[in-house]
Amino acid sequence: MIRQAKGKTPRRPPPKKTSNNQKDPVGVYCRVRPLGADDEECCIEVISNTTIQLHAPDGLKANRNGEFKETQYSFKKVFGIKTTQRELFEDVAKPLVEDLIHCKNGLLFTYGVTGSGKTHTMTGSPGQGGLLPRSLDMIFNSIGPYQAKRYVFKPDDKNGMEVQNQVDALLDRQKRDSQSTVPKTPTTRRIDPEFADMISPEEACKADGVDEDSSYSVFVSYIEIYNNYIYDLLEETPFDPIKPKWNGAGTPLRNNIEFIPPQSKILREDQNHNMYVAGCTEVEVKSTEEAFEVFWRGQKKRRIANTQLNRESSRSHSVFIVKLAQAPLDADGDNVLQDKNQVNVSQLCLVDLAGSERTSRTRAEGSRLREAGNINQSLMTLRTCIEVLRENQMCGTNKMVPYRDSKVTHLFKNYFDGEGKVRMVVCVNPKADDYEETLLVMRFAEMTQEVEVARPVDRPICGFTAGRRQRNQAFKEELTRRLEERGGPVDGEFPTVLNQLLQSFPPLPPCEISGPNDDVTLPRLIEALEKRHRIRRMMLEEYNKTAHMLKSVLQEQDSNIVSKENFIHEQRGKLGEKDKMIQNQKNEIDRLEKKSKMLEYKIDILQKTTNIYEEDKRSLQQELESREQRLQREMSEKRRMESRMQGIVTDAKLKWEKECERRVNAKQLEMQNKLWVKDEKLKQLKAIVTEGKTENRQPQRPSREKDKVPPKRSASPSPVPTVPPVRPLHRRSHSAGGERWVDHKPTSNVDLDTVLQPNLPNSIKVNAPNEKALSKCDKYVLTHQEMASDGEIQTKLIKGEVFKTRGGGQAVQFTDIETLRQENPVAASSRKRRSSESGPDGEPTEGDWTDVETRCSVAVEMRAGSNLGPGYQHHGYPKRRKP
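A brief look at the structure comes next.

The rules behind each value
Residues numbered from 1 in each chain as written. Predicted model: local features only at pLDDT ≥ 70, side-chain atom pairs only at ≥ 80, totals over all residues. Heavy atoms only, no water. Helix = DSSP H or I, 4+ residues; strand = E, 2+ residues; numbered from the N terminus. Buried < 20%, exposed > 50% of the residue type's maximum accessible area, 1.4 Å probe, protein only. Core = buried A, V, L, I, M, F, W, Y, C linked by side-chain atoms within 4.5 Å. Contact = heavy atoms within 4.5 Å. Phe/Tyr/Trp six-rings, centres within 6.5 Å; stacked < 30°, edge-to-face > 60°. Lys NZ or Arg CZ within 6 Å of the ring centre and 35° of its normal. Pairing = 2+ DSSP bridges. Patch = residues over 30% accessible without salt bridge, like charges linked within 9 Å, V, L, I, M, F, W, Y side chains within 5 Å. Areas by Shrake-Rupley, 256 points an atom, 1.4 Å probe, with all protein chains shown as cover. Salt bridge = Lys/Arg side-chain N within 4 Å of Asp/Glu carboxyl O. Lys, Arg positive; Asp, Glu negative; His and termini not counted. Charge placed at Lys NZ, Arg CZ, Asp CG, Glu CD.

1. Comments concerning the environment of serine 48
In step 1: Looking at where serine 48 falls in the secondary structure, it is placed in the loop between strand 3 (44-46) and strand 4 (51-55).
In step 2: Note on serine 48: relative accessible area 29%, which makes it partly exposed.

Below you can see the structure in the form of structure tokens.
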């Protein structure tokens, strides 16, 4: 038996989306709120119904030409300070509600700085309902007569809807009615004064083209995104935020409420690759008042959380999601079709984004600073996603859009991928303090308008005949009318048919039997029952005949209606194509006109900028010419001063040279006289010593040159004799030892007849080091020559030790550097002083260090590891003389 390995369940393939090349740009609208005070400085001016202009405030830095820079921004429509909430709803939200009823998704969000009127635009106030309450009111005004009973549609916790049968829906309704905490009818609920009378009856509106052959149900959910975490504002909590604890004085005890922080939710992807909040509460509502109640409950919970957590409501994003589930009726037009594939779910997301702000201006600290950072980070991610989408569409690139960097962009990524319309209301505050933040908002809005979103396609319609609900209602009315004509009370319900049939039969005779021999009662009863049976049979035949005739008439009418509807649908399709073509052409014309105006405006700005630069260029050229002239004058003055100072310096130099020469001659004459006196004294002393030893003189070896008596000098000072150049002598280098050396002398070295010369008797001379020579020696010396700072050639002896490596080769480790310098003996003799054995006081003088031989016997040795960098240490070595 072959056992098949159990594999993983294959992933369900994604549904094939109908290709649609038609795209619509993101609709961006602008709303300007009025100033808080009349004396405040305004920085925004409404130019037209599509353009606004920003003026830099007086305290802001001006540009180069000294004038304030003005910028204009265009939108799909601009709403001024006198715009009513109804006018805003008619242009912005009403088309999205109509798309919602026709199975299309929509996203509407408000964007702006803190205090720009976003919440007022979205929610409104009593008497001035915002976009959210007006959207709910329009939905229920449109689908009110066609709503399904509660719990017929039920969420499946996977972003989908299921259709329950009548029995299950009835059981759920009975379970709901049995709960004491939930009121039985929405009309008995208390409406919060904050939401009462938001929309007047005369402002109510409804959508056209609602499918009467479908049943509808509305589900709402309310979430909050705070610090990039998602919280469910409709989730049940251990305490009731609407009914807090009260004390005896009638005031709420805020501290007695045991506040439990809500648990964050996660995002998941459904089978259609749409993002949704897993575990989010979805409440089914049946009226505008009930939807207000749910929204009010979420607002109360949000306010309590803000109070307990010490944060502001403007520091979080709020998302109110309206889901509309619709399914067609069955062929009879009585019940909802029990087919999950025929259920269409569309949703409208109303988003109130948190306000962007600059922490440097608000001076936020601690937790407020972290909150502002998270808000700015999420808004920056939204800007980045819009920018990448714009770049991909305009440049043809395929960069990955970073939706996952923020919960806001990750939740609504399907809308930007073509799952519905996207519209944004930019709210701005014209006060001068918000100018810089408003400028960033305008730039983001301008960039958002250039992003195009694929137009959502129409959902397929089931193949049932249209008008089923009306025909079913007409059939019921016709049946009721005919039964009423036959006589008998008619209550309008099907159970009354039995009563009418019973009343049309002849009455039954008395059924009491008088005795065992009574043969009249039973035959009479049997005759009456047979008569009733004949009447019943005749009525059934007549009823069947009438039903068959009515059915044929209805089928004929259905065929006529279907043919006419097909013809009308075909004509509407052609008309729609023509309208789309005309609309596309109008959009193209508007785009080109807008682009032409923008280019003209840019050309004007460039022309003004060019004129400004030309003026700046001319002024700079004039300034440059004047500075060049002044520089030339300064240079001429400088040359004149240099010539004057040079003459003064030359005169002073000549004067001091003469003075120094006079002093040197006088000093030389004085020293020569002193030397002559000393010589005379030495001669006398030598004569005395010689006379005492002449008697016992023995044969002596020939006198050396140093023992010769100097000739007798005259009393007059003799001129200074010229010292002949010292014969170059070799001195033994410190490198001479018992080891064997590799003497490396490059061919580029110059032979110098200096006094200091290295003498390496036991060495191998090479021009380039090789392995053979290194293997025979223990020491290594490199003779390197370079030019010293005084212009003379300087010789360096770089020494090292040779040792064997593990690979069998030889390596050299440098350990010492010895420096030999060259001096000209003739130049040194001119600086030589007269040497003497002792000074006038009998102390040694500097004569030992001033003669040529002594000075040349000093070597400058560089030792590794000394305190002077590579190591400079001066050691004086007296020159060794021959015995």
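2. Some thoughts on the nonpolar core
In step 1: In this structure, Ile52, Phe75, Phe412 and Met442 are the most contacted members of the largest nonpolar core, which totals 56 residues.
In step 2: Once residues within four sequence positions are removed from consideration, isoleucine 52 is found in contact with Cys30, Ile44, Glu45, Val46, Ile47, Thr71, Gln72, Tyr73, Phe75, Val78 and Met442.
In step 3: Val92, Met138, Ile143 and Leu233 belong to the second largest nonpolar core, which has 42 residues in total.

3. Focus: unusual backbone geometry
In step 1: The phi dihedral of tyrosine 151 falls on the positive side, at around 70°, and the residue is not glycine.
In step 2: Considering the arrangement of structural elements, one finds tyrosine 151 in the loop between helix 4 (131-143) and strand 10 (153-155).
In step 3: Relative accessible area serves as the criterion here: at 24%, tyrosine 151 is assigned to the partly exposed category.
In step 4: Despite not being glycine, asparagine 159 shows a phi value in the positive range, around 65°.
In step 5: Mapped onto the secondary structure, asparagine 159 falls in the loop between strand 10 and strand 11 (161-163).

4. Section: the packing of aromatic side chains
In step 1: Using the criterion set out here, one finds seven aromatic pairs in the structure.
In step 2: Connected via pairs of aromatic rings, a cluster forms that spans Tyr222, Phe295 and Phe320.
In step 3: When the ring centre of phenylalanine 444 is taken as origin, the NZ or CZ atom of arginine 383, which lies over that ring, is 5.9 Å away.

5. Brief notes about the pairing of strand 26 (residues 810-821)
In step 1: Looking at chain direction, strand 25 (residues 793-804) and strand 26 are connected through eleven bridges and run antiparallel. Considered in strand 26, the bridge of glutamate 801 is made with glutamine 813.
In step 2: Between the end of strand 25 and the start of strand 26, which pair antiparallel, lie five residues, with glycine 808 showing a positive phi angle near 95°.

6. With respect to a negative patch on the surface
In step 1: Judged by side-chain charge, Asp38, Asp39, Glu40, Glu41, Asp58 and Asp433 come together as a negatively charged surface patch.
In step 2: In this structure, aspartate 58 sits in the loop between strand 4 and strand 5 (70-74).
In step 3: On the basis of relative accessibility, which here comes to 58%, the residue aspartate 58 falls in the exposed class.

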